[in-house]
Amino acid sequence: MLRPILIHPDPRLKKVCDPLSEIDDAMRALIEDMFETMYNAPGIGLAAPQLGINTRLVVMDCGSKEDGEDPDPVCLINPRILASSDEQLTWNEGCLSLPDMYADVTRPAEVEVQFTTPEGGEETRVFAGVRAICAQHEIDHLNGKLFIDYLGPMRRQLITQKMKKLKRERARSG
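What you are looking at is a predicted structure, and each value in this text was computed from that prediction instead of being measured.

Conventions used here
- As a convention, each chain's residues are numbered from 1 in the sequence order in which they are written.
- Only residues with pLDDT of at least 70 are given local features in this predicted model, and only at 80 or more are side-chain atom pairs given and counted; all residues enter the totals for whole chains, interfaces and linings.
- Only hydrogens and water are set aside when side-chain values are computed; all heavy atoms of the structure are taken into account.
- Residues grouped as a nonpolar core are buried Ala, Val, Leu, Ile, Met, Phe, Trp, Tyr and Cys residues, joined through side-chain atoms within 4.5 Å.
- Burial classification: accessible surface area is computed with a 1.4 Å probe over protein chains only, and a residue below 20% of its type maximum counts as buried, one above 50% as exposed, and the rest as partly exposed.
- Think of it this way: any DSSP run of H or I at least four residues long counts as a helix, any run of E at least two long counts as a strand, and we number them from the N terminus.
- We call two residues contacting when some pair of their heavy atoms lies within 4.5 Å.
- In this scheme Phe, Tyr and Trp rings, the latter by its six-membered ring, pair at centre separations within 6.5 Å, and the angle between planes marks the pair as stacked below 30 degrees, edge-to-face above 60, and tilted otherwise.
- Counted as over-ring charges are cases with an Arg CZ or a Lys NZ within 6 Å of the ring centre that also lie within 35 degrees of the ring normal.
- Only one rule defines a salt bridge in this text: a Lys or Arg side-chain nitrogen within 4 Å of an Asp or Glu carboxyl oxygen.
- By the convention used here, strands pair only if DSSP detects at least 2 bridges between them.

Chemist: Residue-level account of the nonpolar core, with values.
Modeler: Ranked by size, the top nonpolar core spans 16 residues in total, and within it M60, V74, L76, V113 and F127 carry the most contacts. Of all elements in the fold, only β2 (57-61), β3 (73-84), β6 (110-116) and α2 (130-142) reach the threshold of two or more residues within this core. With five residues, the single largest contributor to this core is α2. Setting aside residues up to four positions removed in sequence, V74 forms contacts with F35, V58, V59, M60, F115, R125 and F127.

Chemist: If you had to explain the packing of aromatic side chains to someone new, which residues and values would you point to?
Modeler: As enumerated under the stated definition, the model contains one aromatic pair in all. Both rings, one in F35 and one in Y39, keep their centres 6.0 Å apart while their planes meet at 20 degrees; by these two values the pair is stacked. With F35 and Y39 both in helix α1 (residues 25-40) and four residues apart, this pair spans about one turn of that helix. Judged by its relative accessible area of 14%, F35 falls in the buried class. When the ring centre of Y150 is taken as reference, the NZ or CZ atom of K145 above it lies at 4.2 Å.

Chemist: Outline the pattern of salt bridges, listing residues and values.
Modeler: Summed over the entire model, instances satisfying the criterion amount to eight salt bridges. Here R3 ties to D33 by a salt bridge, and the two come within 3.0 Å at their closest N and O atoms. Separated by 30 residues along the polypeptide, R3 in the segment before α1 and D33 in helix α1 bring together distant segments of the chain. K14 serves as the salt-bridge partner of D149, at 2.8 Å between the closest nitrogen and oxygen. With D149 in the loop between α2 and α3 (153-173) and K14 in the segment before α1, this pair connects stretches of sequence that are 135 residues apart. We classify K14 as partly exposed; its relative accessible area is 41%.

Chemist: Report on the pairing of strand β7 (residues 122-128), specifying residues and quantitative values.
Modeler: Note that β6 and β7 share seven bridges and pair antiparallel. Looking at β7, one finds that V111 is bridged to F127. Taking the residues that link successive antiparallel strands as the turn, the β6-β7 hairpin has five residues, and the phi of G120 there is positive, at about 100 degrees.

Chemist: Would you mind going over the side chain of Q136 in detail, with residue names and values included?
Modeler: Inspection of the secondary structure assignment puts Q136 in helix α2. A relative accessible area of 6% means that Q136 is categorised as buried. Non-local contacts of Q136, meaning those with residues more than four positions away in its chain, are made with I81, R107, P108 and V111.

Chemist: Now, about the pairing of strand β5 (residues 98-108): what can you tell me, with residues and values included?
Modeler: Relative to β5, strand β4 (residues 88-95) runs antiparallel, the two sharing seven bridges. Across the sheet, Q88 pairs through a bridge with P108, a residue of β5. What sits between the antiparallel neighbours β4 and β5 is a turn of two residues.

Shape is all these values report; function is a separate question.
Structure representation (structure tokens):
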């Protein structure tokens with residue numbers, strides 16, 4: 001089921017999320033909905049707070065059809081970054097909660113992430129390149145942080161004003 005994605009500014013996007021304590025059928029249904037919503041948007045990552053759900057849950061799929069890659073869906077429950085590379089990577093990031101807004105953000109090029117799988121197992125994976133950028137971006141959402149928080153105050157304010165205008169326009173046409 002497709003779910004509505006919150007648009008910045010929304011106070012729910014700035015909250016630190018609670019850990020997920022139980023993986024039940026309702027949570028598995030939410031995970032399916034998150035993948036469906038992310039693919040439909042279209043995006044490569046989605047965090048539960050973007051749907052107004054205050055829990056530490058992320059889905060991502062950085063497989064690129066254009067590059068001939070197979071889909072690579074990953075669900076991260078209660079993810080924690082254990083280690084980050086010294087090497088940095090600058091990526092032109094966007095966000096489903098900030099439609100059509102993009103900016104260069106520099107982050108570690110590689111991260112080691114520990115998380116719980118939807119089956120309840122513990123896993124540790126190293127993400128590199130776009131997958132590392134995506135994992136960090138989505139984990140930031142769980143900590144109440146948006147990619148625009150890495151920008152200067154003028155640029156951040158300009159983007160926020162554009163998002164407020166978009167929300168007003170959507171409310172009028174809605």
